[in-house]
Amino acid sequence: MEGSDREDETGLDYFFGKGMKIMKIAFWSNTHGLCCNTTQLGIISIWYALQRPDAHCVIMENHKNLFGISRMLYRPIASESQIYYRYGGLGTLMRHLGKGDMSLLEMEFMAERFVGERLMYFPIGADMGPEQLDYYLERDLRRLFLLLDKRIDHTWIDTSPSACTTRAILNAADGVVVSLSQNRIVLDNLFSNHRELHKKAFYIIGNYEADSDLTKDEIVSLYGLSNDRVAVIPHDAGMMDAISKGTLIPYIMQAFHCEVHEKGFEMARALRDAMDAFFCWLGDEEETHIDEKGVSGYPAMVAEGNIKRYPSFVAENGVNRYNVHPGNRFCNSRESIGMQQG
């Protein structure tokens, strides 16, 4: 879809990309928790926002999850309900979409923005419970995608194997990132019952252990997969700590900029390899190269600055400050989104 064919909204061209290929991707696994499905979405979306300053990506989930997207992006807060049940977000968006009174400009205020505002996240909002969200998503999924497709380059959705709307999302998606484990029972179940996803799937083995009997090569051979459509993200204690602390963005930034002789370089290299394979599958051939100086190929606007100088990620009293748009009336302060310091 060309930019000239898109609906024009004053002020949105600054935020939304124009004229790029639209790609809707579902992140899915056939079991809860074991395959690190939400983690894969978080890593890939943050890395993509760093590598592609000309693109914009929306991420969301179709279910409530104690260790969901919010937990990775925000430092832990007192109440779980403060993360999932705020006014705004996907719940409010779907309610207004069902009434037919949601514009692109209004949609801007339902999201939280990160990584130079190139990464948009729709949390599950305060005015809709899980069953209602399932109902509205099932009824208005096509309408939601049509609205997002007018301006957004990529829409990526974390899906639950048990949510009612997951099947509809998988069918509507242009591609599916299938999260794998190194558990033979889980893998046998996946490839026995869900082969229809194979033609549009990219596979990621999360929490990967190289010493397991089920290595990547063994999984590729056993289930007849294409090697270039299978990536691994190794287990890393530092990454697990970042996820539990809500500091995945600075962790990925550090890995993105990591130089050869710095601590964590092997994990940075592994992430680079996984991202290169994903971008190739996505159709974005721009790779991140690691040479004797470290990681290169990232945008000049990122490369020119030190992480500590990057205003969106400056730590104040030990709290990571992320790039929340000052015009967002639902999240223009930490207090308004339940992220009090202390």
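Okay, so let's go over this structure. (Residues numbered from 1 in each chain as written. Predicted model: local features only at pLDDT ≥ 70, side-chain atom pairs only at ≥ 80, totals over all residues. Heavy atoms only, no water.)

**A few points about the overall build of the protein**
Inference 1: Across its full length, the protein carries 13 helices and twelve strands.
Inference 2: Across the 342 residues in the protein, those meeting the buried criterion constitute 59%.
Inference 3: Accessible surface for the protein amounts to roughly 14,700 Å². Of this, 49% is attributable to carbon and sulfur atoms. (Helix = DSSP H or I, 4+ residues; strand = E, 2+ residues; numbered from the N terminus. Buried < 20%, exposed > 50% of the residue type's maximum accessible area, 1.4 Å probe, protein only. Areas by Shrake-Rupley, 256 points an atom, 1.4 Å probe, with all protein chains shown as cover.)

**Considering the sheet that holds strand 6 (residues 175–180)**
One key point about sheets: their strands pair by backbone hydrogen bonds, in either a parallel or an antiparallel sense.
Inference 1: Overall, mixed pairing links the eight strands, which are arranged 3-4-2-5-1-6-7-8 in an open sheet. Each having just a single partner strand, strand 3 (112–114) and strand 8 (230–234) make up the two edges of the open sheet. Averaged over all neighbouring strand pairs, the angle between strand axes comes to 25°, with direction disregarded.
Inference 2: Bridge count for strand 7 (residues 201–208) against strand 8 is five bridges, and the pairing is parallel. The residue bridging G206 from the neighbouring strand is I233, located in strand 8. (Pairing = 2+ DSSP bridges. Axes fitted to C-alpha atoms, helices over the stretch in contact; angles between N-to-C directions.)

**Examining the side chain of D149**
Inference 1: With respect to the element layout, D149 can be found in helix 6 (residues 130–149).
Inference 2: Within the local environment of D149, its side chain forms a polar contact with the side chain of K24, the two groups lying 3.3 Å apart. (Polar contact = N/O pair within 3.5 Å; in protein donor to acceptor, adjacent residues only side chain to side chain.)

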